[in-house]
Amino acid sequence: MKNSKKIFCLFLSVVMFVCSISVAATAYCDEQKNKDVTPVVVIPGVGSSALYLYPNTSDQTSPLSVDSDFIGNVAKTHIVRDTLKIMAGGNVSPEIWTNKLASVIEPFTVLNFDKSGSSILENVGIDCYWTDSLANHLEYLDSRPTAEPAVCKAICDNIGPENVWIYNYDFREDVIKDAEQLSEFIDGVKEQSGKDKVTLVGCSLGTSVLSAYIDKYNSENDIEKAIFLDGAMQGVSIAKLFKGDLVLDSEIVSKYMSLMASDYKGNAADFEMIGNIFGRFDGTVNNFVSFLSEVTNEENIGRFYTKVILPILGNIPSLWECIPYEDFDECCNFMSDLGWLDKNSGLSKIITEYHGIQGRLEENLKNLEKEGVDIAIVCGYGLPGIPVTSANANQSDMLIDTCYASFGATVSNSGETIENATSADGMIDTSTCRFKDSTWFLWGVQHMEFVYGTDVNDFIGKICTTDINLNIADFEKEYGYSQFTALQDGGTELKNVK
């Protein structure tokens, strides 16, 4: 019996010793893992965070009032009846219809800014400004299977949510103001993580915030990697609307639907079905588009802008900061001639300052590279641009033009090819890219549609967290993804373009 007790005690001692070694080894490995991990800060784009009146209080509510009164007011205008009449080929006064539309959209004007560049409504903001890591906000990772939550989830899978932060902000604000707040945010991340540097991942409009941060705070020397996903940092062609570049043509819309039906491989919408519906009601669509062309012709465009477009978004700084660099002066002149933009206003000073940042971005990024910072640019192509401006033939990711998001690639028109293309499909020439050795192109991937569990999401996660140098050759050697990849039918698999 005594021997049995001795044997049991010896066995128990061995077990406890082995367990203590295992725990210590695990703790050491975790410590070493965290020691080598660079914190990642994701900077999201438009709409990633909802806006509220009195956020984070018991009075929190939507700033938009779309209720039974709104529906009643819409009914009183008879705009639905008039629109159906237009689609049937009937005659309606463009002026009367525009005035009715202006009264309908009035509740949405509260989110606009005034001409000093400040929000019309006070006490509007977001309810998710989290200064701690996503380890404390795991519910966010499953809030959507795509866009920024999916980007964050892919990164968290690779390095752990305790090493990932998301910088949420009011997307309407001046991106330079957002960058100033981001600087304070990053200081907090460095303090919490004990690290001197962070990886910054800008998404869509977030790339403009990232650009402003780099311009203003490069001397902080706290960037390990700067990653631009589907970036608006060099502009978006739809912002050409600020210079009166509004083109509405039924043939262009029809071509857009046809290209989307053939080239879109994602699951966000069934464009083949939508295209069939458009085809079935081709006459009514043509009637309505033709009417809109009349509403926005040279005689009527001033009325449409000042009554419909500008009251909703005409003073929002971040939208002005999406104007392509080469279009800026023309946009400002058009809006000034229209009587909307005062060139001495606070708004004008704000957007002019960011215009300068756009112009300095290439130099700023090249300086970062010299300091050892990795730069990566990821953009979509193969999908047509939004068919409302003269740039409607541009390839895009359905929102941001490939020529802008790639920082300078030469891109064929939608559905066409070009000579001297460096992509096997004949659509892209990377020789004009500012960062041709660290710019990746995803064919058929909709804007920020990095769906969790797909190859696209895996690709994004690796770009954001890899330990290798971010260049085309090393990345393909390590992970198999080439500079050009294409989304396959079903929206889950990426294959190299060959």
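Note that this is a predicted model, so its numbers are computed, not measured. (Residues numbered from 1 in each chain as written. Predicted model: local features only at pLDDT ≥ 70, side-chain atom pairs only at ≥ 80, totals over all residues. Heavy atoms only, no water.)

Looking at the packing of aromatic side chains
Alright, step 1. Summed over all chains, the structure comprises 20 aromatic pairs.
Alright, step 2. Ring plane angle 65° and centroid distance 5.3 Å describe the contact between Tyr167 and Phe185, whose orientation is recorded as edge-to-face. In this pair, Tyr167 sits in the loop between β4 (164–166) and α7 (175–193) while Phe185 sits in helix α7, placing the two residues 18 residues apart along the sequence. When sorted by exposure, Tyr167 lands in the same class as Phe185, which is buried.
Alright, step 3. Taking NZ or CZ as reference, Lys115 lies 4.8 Å from the ring centre of Trp340, over its face.
Alright, step 4. If you follow Lys366 out to its NZ or CZ, it ends over the ring of Phe435, 4.6 Å from the centre. (Phe/Tyr/Trp six-rings, centres within 6.5 Å; stacked < 30°, edge-to-face > 60°. Helix = DSSP H or I, 4+ residues; strand = E, 2+ residues; numbered from the N terminus. Buried < 20%, exposed > 50% of the residue type's maximum accessible area, 1.4 Å probe, protein only. Lys NZ or Arg CZ within 6 Å of the ring centre and 35° of its normal.)

What to know about the side chain of Thr296
Alright, step 1. With respect to the secondary-structure elements, Thr296 resides in the loop between α11 (282–295) and α12 (301–313).
Alright, step 2. Leaving out residues up to four positions away in the same chain, Thr296 has contacts with Leu246, Leu248, Ile301 and Phe304. (Contact = heavy atoms within 4.5 Å.)

Some words on the packing of helix α4 (residues 94–104) against α12
Alright, step 1. Close contact between α4 and α12 brings their axes to 9 Å; oriented N to C, the two are set at 15°. Overall, the two elements α4 and α12 adopt an arrangement that is roughly parallel. Relative to α12, α4 is oriented so that their crossing is left-handed. Counted together, Glu95, Thr98, Asn99, Leu101 and Ala102 of α4 and Arg303, Phe304, Lys307 and Val308 of α12 form the full contact between these two elements. (Axes fitted to C-alpha atoms, helices over the stretch in contact; angles between N-to-C directions. Parallel < 35°, antiparallel > 145°, perpendicular 65-115°, else oblique. Left-handed = near helix turned anticlockwise from the far one by under 90°.)

What to know about the confidence of the model for the protein chain
Alright, step 1. When pLDDT is averaged along the protein chain, the result is 90, and 89% of the positions lie at 70 or above.
Alright, step 2. Long-range and interchain partners of residues 1–34, a stretch whose pLDDT sits below 50, account for 3 contacts in this model, where long-range means more than four residues apart. (pLDDT = per-residue confidence, 0-100.)

Observations concerning the pairing of strand β5 (residues 198–203)
Alright, step 1. Counting buried residues in β5 gives 6 out of 6 residues, a clear majority hidden from the surface.
Alright, step 2. Both faces of β5 are covered, namely the face carrying Val198, Leu200 and Gly202 and the face carrying Thr199, Val201 and Cys203.
Alright, step 3. In this structure, β5 lies alongside strand β6 (residues 223–229), joined through 6 bridges in parallel fashion. What sits directly across from Gly202, in β6, is Phe228.
Alright, step 4. Taken together, β5, helix α8 (residues 206–217) and β6 constitute a β-α-β crossover, and its handedness is right-handed. (Pairing = 2+ DSSP bridges. Right-handed = clockwise from strand over helix to strand, strands pointing away.)

Let's talk about the side chain of Ser204
Alright, step 1. Among the secondary structure elements, Ser204 is positioned in the loop between β5 and α8.
Alright, step 2. By relative accessible area, which is 9% here, Ser204 ends up buried.
Alright, step 3. Setting aside residues no more than four positions away along its own chain, Ser204 makes contact with Gly45, Leu229, Asp230, Gly231, Ala232, Ile400, His447 and Met448.

So, the pattern of salt bridges
Alright, step 1. Under the defined criterion, the tally for this structure stands at 15 salt bridges.
Alright, step 2. The partner of Arg81 in a salt bridge is Asp82, with the nearest N and O atoms 3.3 Å apart.
Alright, step 3. Lys240 is the salt-bridge partner of Asp327, the closest N and O atoms lying 2.6 Å from each other. With Asp327 in the loop between α13 (317–320) and α14 (328–337) and Lys240 in the loop between β6 and α9 (250–263), this pair connects stretches of sequence that are 87 residues apart. (Salt bridge = Lys/Arg side-chain N within 4 Å of Asp/Glu carboxyl O.)

Describing α7
Alright, step 1. Spanning 19 residues, α7 covers 26 Å between terminal C-alpha atoms, matching the ideal 27 Å at 1.5 Å per step.
Alright, step 2. Buried within α7 we find Val175, Ile176, Asp178, Ala179, Leu182, Ser183, Phe185, Ile186, Val189 and Lys190.
Alright, step 3. Tucked into the core, α7 has its buried residues touching β1 (40–43), β4, β5, α8, α13 and α15 (346–370).
Alright, step 4. The backbone nitrogen of Ile176 lies 3.1 Å from a side-chain oxygen of the residue at the head of α7, namely Asp174.
Alright, step 5. Of the residues trailing α7, Gly194 is marked for its positive phi of about 75°. (Expected span 1.5 Å × (residues − 1). Polar contact = N/O pair within 3.5 Å; in protein donor to acceptor, adjacent residues only side chain to side chain.)

Looking at the environment of Ser193
Alright, step 1. As for its position among the elements, Ser193 is in helix α7.
Alright, step 2. What makes Ser193 partly exposed here is its relative accessible area of 23%.
Alright, step 3. What Ser193 contacts, discounting residues up to four positions off in sequence, is Pro39 and Trp165.
Alright, step 4. Reaching out from Ser193, the side chain makes a polar contact with the backbone oxygen of Val189 at a distance of 2.8 Å.

A short note on the pairing of β1
Alright, step 1. Residues Val40 and Val42 point to one face of β1 and Val41 and Ile43 to the other, with burial holding for every one of them.
Alright, step 2. With 3 bridges joining them, β1 and β4 adopt parallel strand pairing. Bridging across to β4, Val42 finds its partner in Ile166.
Alright, step 3. With 4 bridges connecting them, β1 and β5 associate as parallel partners. For Val40, the partnering residue across the bridge sits in β5 and is Thr199.

Some remarks on the environment of Asp467
Alright, step 1. Tracing the chain through its elements places Asp467 in the loop between α17 (455–465) and α18 (472–479).
Alright, step 2. Judged by its relative accessible area of 77%, Asp467 is exposed.
Alright, step 3. When the C-alpha positions of Asp467 and Val37 are compared, they lie 9.2 Å apart, and in sequence the two are 430 residues distant.

Details of the sheet that holds strand β7 (residues 374–381)
Alright, step 1. If you trace the 8 strands from one edge of the open sheet to the other, you get β4-β1-β5-β6-β7-β12-β13-β14, paired in mixed fashion. For this open sheet the edge positions go to β4 and β14 (494–496), each flanked by a neighbour on one side alone. Within this sheet the neighbouring strands show an average axis-to-axis angle of 20°, counted without direction.
Alright, step 2. Of the strand pairs in this sheet, β6 and β7 are connected by 5 bridges, and their pairing is parallel. Following the sheet pairing, Ala226 is matched in β7 by Ile375.

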